[in-house]
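Topology and contacts: notes
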Amino acid sequence: MDFELTEDQRLLNDSVSRLLADRYAFDARRGYIKSAQGWSQEMWEKYAELGLLGLPFPEEYGGFGGGAVDIMMVMEAFGRSLVVEPFLATVVLGGSAIKYAGNEAQKGEILPQIVDGSLKLGWAHGEQQARYDLTDVLTTATKDGSGWVLEGAKSVVLHGDCADMLVVSARTGGDRMDKEGLTLFLVPANTPGVARRGYAMRDGTRAAEISLSTVKLGPEAVLGTVGDAYGIIERVTQAGIAAFAAETVGACEAAHTMTLDYLRTRVQFGRPIGTNQVLQHKAADMLIEVEQARSMAMLAAMMVDEEDAAERTRNISMAKVGVGQSGRFVTQNSVQLHGGIGMTEEYAVGHYFRRVMVFEHSWGDSAYHLGLLADQVG
Amino acid sequence: MELRFTEEEIAFRQEVRAFIRGNLPAKTLERMRLGYPPTKSDVVTWQRILNKKGWATYKWPQEYGGQAWSPTMRMIFQDENMLAHAPEVNSFNITMIGPVLIQFGTPEQKERFIAPTANLDIWWCQGFSEPGSGSDLASLKTSAVLDGDHYVVNGQKIWTSTAHHADWIFALVRTNPQARKPQEGISFLLIDMKTPGITVRPIISIDGSHHFNEVFFDDVRVPVTQRVYEENKGWDVAKFLLGNERTGIARLGKSMARLEDIRELSPHLRNHGAPLLDDKLQRERVASLEIRAKALEITQLRVVAKMMQQSDGKPDPFSSLLKIKGGELGQDTSELIMDAVGPLAMPQWAKELDLLNRESGENEPPIGPDYAGFAAGPYLMHRASSIAGGTTEIQKNILNKAVLRL
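Residues numbered from 1 in each chain as written. Chains lettered and ligands numbered in written order. Predicted model: local features only at pLDDT ≥ 70, side-chain atom pairs only at ≥ 80, totals over all residues.

This brings us to the overall build of chain A. Tallying secondary structure elements over chain A gives 11 helices and 10 strands in all. Projected onto the principal axes, the alpha-carbon positions of chain A cover approximately 80 × 50 × 40 Å. Considering chain A as a whole, with its 378 residues, one finds that 54% of them fall into the buried category. Sequence separation of 24 or more characterises 74% of the internal contacts of chain A that already satisfy a separation of 6 or more. (Helix = DSSP H or I, 4+ residues; strand = E, 2+ residues; numbered from the N terminus. Buried ≥ 20, exposed ≤ 12 C-beta atoms within 10 Å, placed from the backbone. Contact = placed C-beta atoms within 7 Å.)

So, in structure tokens, the structure goes:
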């Protein structure tokens, strides 16, 4: 067991933190969100310059050959600054799909474009009726000569409104809830028949509803093996959970720090409110939960590349529950201890609260994963 | 002791239910059912309908238009309104300033304000909190200096709910900065929001809605005749107002309505390949919330019964208990609905489609299912339930001082 960062990781951490300290103050972020696309192209280019967009990809594709721990560090920093660029969607979700399922030609074409910041991906798997069930896919792909025709709709596709290319899951066989019969397709966003309605999420990040109506694709659009994508879908989702869990830890840490500052400086009844023991104990409970969440985010990061699927799935579910529950506790209490100011759009603590809320409701909330784990007890 | 409803009470429940069903405007019902906040006109229209029937002011003394209802009937009325997704009457009018004017108002003030307050011809808001005076309300600094037959008011209020809708504000102001105790230098003023020198600035909440405001007073001249009760005795008025029958504060009916809603939603919400409530974990969550609601229902009845017996007008410290437990139940039932809807509760659908706070819902067609549009909004707004009107921490201090005396 080794919790020390390597020298490279320390340098990476420093440069990301410095960039965000310079360019991602809360007011700057507000400006990025208010822009037409809802995030900063300039920051995106900075991430590319720093090598963040190539972090998890092999060097032969222009990447840096990093692993889940590197992603964890970057995501924690992103969480502290509430970064709104499409990193999770492009690098973690879309990038993992290409990395795990792509053939040489696909990797050779797509990964370098992710690395240099010129291509953004969207992970178009979830559907409105599915809630959190990964197998609940109604979108269909039917054979059309040598190619395919997609029909259906995808829901809450993170940064789906700005993605240049969508990774779309569709049924090529099996019934609604079957693991078998799922296939992934690479769909350029400008393909005829793809319609997108973008919107802001509760935390200010962007997403889209995507409808697919007679979307014609060539045979080269298939990503991975026809009918056998479930394992990939699971791995991509788990990589997403691990990364978002780290981001949540960063958000919780920052919300806790803000709360401590507030307890020290807000004066009522002639003294700082932090002199009240009931609030001190609450702040101590929050500290405990931040650290417990951090441990679980580390567990998730270490499990992303675990080859034993059952072991990986079980541990990532545990991390999802742990970080989800701690995250709720820390951010709900951050709002509570701030009082009225925590309820406002203009103050950061409410934004941390909502970012963590979105984490909790992505890819299965705590109750959902607890249910999966409970089925394995005994 | 009898915890079951009598036949008269059951008949009363049916009468209330039928009246609401027959009179609540369809558009209001639809908005409220989907979890959207009521618009100003929803509230005004509904309060006037109730007032015509004599029901808007049921809590007031009978000679001022109140009803001779038992505690149980009061609770039935509140619950039925919330279960039927009717808007709440403007509580600043009905629960706060109305009873204050009845208790402390001059004959002229009563004549001028009581009828329009009941009918919501005047929309009131409350100017209590200030940036530096939240939990420590008595430290408030907004000053009122006597100048002939007027006070000149300067200062700032914050968290002023619906100030942007309001015609009048009732405000606590400092008239004696030299008082021995901060509580002893405060007066209670009624101020027309159209008076020159008043500025309202919106505060957007974390659910994206405009509910709170800052209100700035810059040399605002207020006739002395608009002071309620004696100069420097405003704290007594505020204490009466805050301790006045606050049973509605638990908003129990709203929580109970959500526990009904979850059953309706369940078939649409898939969980492990089946409807949500097929999952025992989910059913246990609903059941434990129902237990909490039941306990609170009975406690609330006990508190109302006790308060109706005593006539000294003193606040009952147990209203703190109702506020704490009712607020928690509101938070946890709204969290239940958000969690149930899950990923579809996360988009800010309403903001994107500009539906929020609009009088009519006709815009682009909604993107998600109708129940998803505002599934997270009440959860976000309910974080204020343990903050506004005295935080949970302050409520526990009140219980300690009044009951535990530790």
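When its secondary structure is counted, chain B shows 13 helices and 10 strands. For 406 residues, the compact-globule estimate of 2.2 N^0.38 gives 22 Å, and chain B sits close to it at 22 Å. A principal-axis box enclosing the C-alpha atoms of chain B has dimensions of 75 × 55 × 45 Å. Evaluated residue by residue, chain B yields a buried proportion of 45% over its 406 residues. If you take every contact in chain B between residues at least 6 apart in sequence, the share linking residues at least 24 apart comes to 72%. (Rg over C-alpha atoms; globule rule 2.2 N^0.38 Å.)

What follows concerns the domain arrangement of chain A. All names here are of chain A. Domain assignment breaks chain A into domain 1 (7-119), domain 2 (122-228) and domain 3 (231-374). On a C-alpha basis, the centres of domain 1 and domain 2 stand 23 Å from each other. Opposite the 15 residues of domain 1 that make contact, domain 2 presents 17 residues. Tallying contributions element by element places helix H5 (residues 87-101) first for the side of domain 1 that touches domain 2, with six residues. In terms of residue class, the side of domain 1 that touches domain 2 is built from 10 nonpolar, five polar and no charged. (Domains from an automatic or database assignment. Nonpolar A, V, L, I, M, F, W, Y, C, P; charged D, E, K, R; others polar.)

Here the focus is unusual backbone geometry. Residue and element names in this part refer to chain A. Even without being glycine, Val-156 reaches a positive phi, approximately 45°. Within the secondary structure, Val-156 sits in strand S3 (residues 147-158). The class of Val-156 is buried, set by 26 C-beta atoms lying within 10 Å. With phi around 50°, Thr-214 is a residue other than glycine that occupies positive phi space. Mapped onto the secondary structure, Thr-214 falls in strand S7 (residues 206-217). Since 10 C-beta atoms lie within 10 Å of it, Thr-214 is described here as exposed.

All names here are of chain A. In the sheet, strand S2 (residues 140-144) pairs with S3 via five bridges, with the strands oriented antiparallel. Residue pairing across strands places Ala-141 opposite Leu-150, the latter belonging to S3. The antiparallel pairing of S2 with S3 creates a hairpin that spans two residues between the two strands, and Gly-145 there sits at a positive phi of about 65°. (Pairing = 2+ DSSP bridges.)

On to the domain arrangement of chain B. When cut into domains, chain B gives domain 1 (7-89), domain 2 (123-232) and domain 3 (245-404). Here the C-alpha centroids of domain 1 of chain B and domain 2 of chain B sit 30 Å apart.

Another point: the packing of helix H9 (residues 309-338) of chain A against helix H10 (residues 348-360) of chain A. Each pair of packed helices gets described by two things: the angle between the helix axes and the distance between those axes. Residue and element names in this part refer to chain A. Direction vectors running N to C along H9 and H10 enclose 160°, while the axes themselves pass 9 Å from each other. In this view, H9 runs roughly antiparallel relative to H10, as classed from their interaxial angle. Read as a crossing pair, H9 and H10 show a hand that is left-handed. Contact residues: Gly-324, Gly-327, Arg-328, Thr-331, Ser-334, Val-335 and His-338 in H9; Val-349, Gly-350, Tyr-352, Phe-353, Val-356, Phe-359 and Glu-360 in H10. Its residues assigned to classes, the contact of H9 with H10 shows six nonpolar, six polar and two charged. (Axes fitted to C-alpha atoms, helices over the stretch in contact; angles between N-to-C directions. Parallel < 35°, antiparallel > 145°, perpendicular 65-115°, else oblique. Left-handed = near helix turned anticlockwise from the far one by under 90°.)

A few words on helix H10 (residues 318-341) of chain B. All names here are of chain B. With 24 residues, H10 should reach 34 Å at 1.5 Å per residue; the first-to-last C-alpha distance of 35 Å fits that figure. Counting buried positions along H10 gives 21 out of 24 residues, so the element sits mostly inside the fold. Just downstream of H10, Gly-342 is the residue with a positive phi angle, here 70°. (Expected span 1.5 Å × (residues − 1).)

On to helix H6 (residues 104-115) of chain A. Since there are 3.6 residues in each turn of an α-helix, residues three or four apart along the chain are aligned in direction. End to end, H6 of chain A covers 16 Å across 12 residues, agreeing with the expected 16 Å (1.5 Å per residue, within 8%). Those residues of H6 of chain A that are buried are in contact with H5 and strand S1 (121-124) of chain A.

Our next topic: the confidence of the model for chain B. Interpretation of this model should avoid reading the predicted coordinates in detail wherever pLDDT is low. Residues and elements named next belong to chain B. Looking at chain B, pLDDT values average 91 and 94% of them are 70 or higher. Across residues 352-362, where pLDDT falls below 50, the model places 18 contacts with residues more than four positions away in sequence or in other chains. Both confidence scores are given for the complex: pTM 0.94, ipTM 0.95. (pLDDT = per-residue confidence, 0-100.)

Contact residues are listed per partner, giving 37 residues for chain B and 40 residues for chain A. Of all the secondary-structure elements, those providing two or more residues to the side of chain B that touches chain A are strand S6 (198-204), strand S9 (270-271), helix H9 (280-309) and helix H11 (349-352) of chain B. By residue number, the principal contributor to the side of chain B that touches chain A is H11 of chain B, which donates three residues. In terms of residue class, the side of chain B that touches chain A is made up of 17 nonpolar, 12 polar and eight charged.

This part is about the packing of H5 of chain A against helix H7 (residues 230-265) of chain A. Residue and element names in this part refer to chain A. At their nearest, the axes of H5 and H7 sit 9 Å apart, and the two run at 145° to each other. The handedness of the crossing between H5 and H7 is right-handed. Contact residues: Leu-88, Val-92, Leu-93, Ser-96, Ala-97, Tyr-100 and Ala-101 in H5; Ile-232, Arg-235, Val-236, Ala-239, Gly-240, Ala-243 and Phe-244 in H7. Looking at side-chain class alone, the contact of H5 with H7 contains 11 nonpolar, two polar and one charged residues.

A word on the environment of Pro-71 of chain B. Residue and element names in this part refer to chain B. With respect to the helices and strands, Pro-71 occurs in helix H4 (residues 71-83). Each C-alpha atom, one on Pro-71 and one on Ser-135, is 31 Å from the other, the two residues being 64 residues apart in sequence. Excluding its chain neighbours within four sequence positions, the residues that come into contact with Pro-71 are Leu-301, Val-304, Ala-305 and Met-308.

Residues and elements named next belong to chain B. Pairing of strand S2 (residues 143-147) with strand S3 (residues 150-158) involves five bridges; the strand directions are antiparallel. Residue pairing across strands places Ser-143 opposite Asn-154, the latter belonging to S3. Two elements, S3 and strand S7 (residues 210-223), share eight bridges in a ladder whose sense is antiparallel. If you follow Val-153 over to S7, its bridge partner there is Val-220.

The next subject is the environment of Gly-377 of chain B. Structurally, Gly-377 of chain B can be placed in helix H12 (residues 377-381). Sequence-wise, Gly-377 of chain B and Pro-37 of chain B are 340 residues apart; in three dimensions their C-alpha atoms are separated by 8.9 Å.

Here the focus is the nonpolar core. Counting 209 residues, the largest nonpolar core has Phe-185, Ala-242, Ala-245, Ala-297 and Ala-300 of chain A as the members making the most contacts within it. At 15 residues, H7 of chain A tops the list of elements feeding residues into this core. (Core = buried A, V, L, I, M, F, W, Y, C linked by C-beta atoms within 7 Å.)

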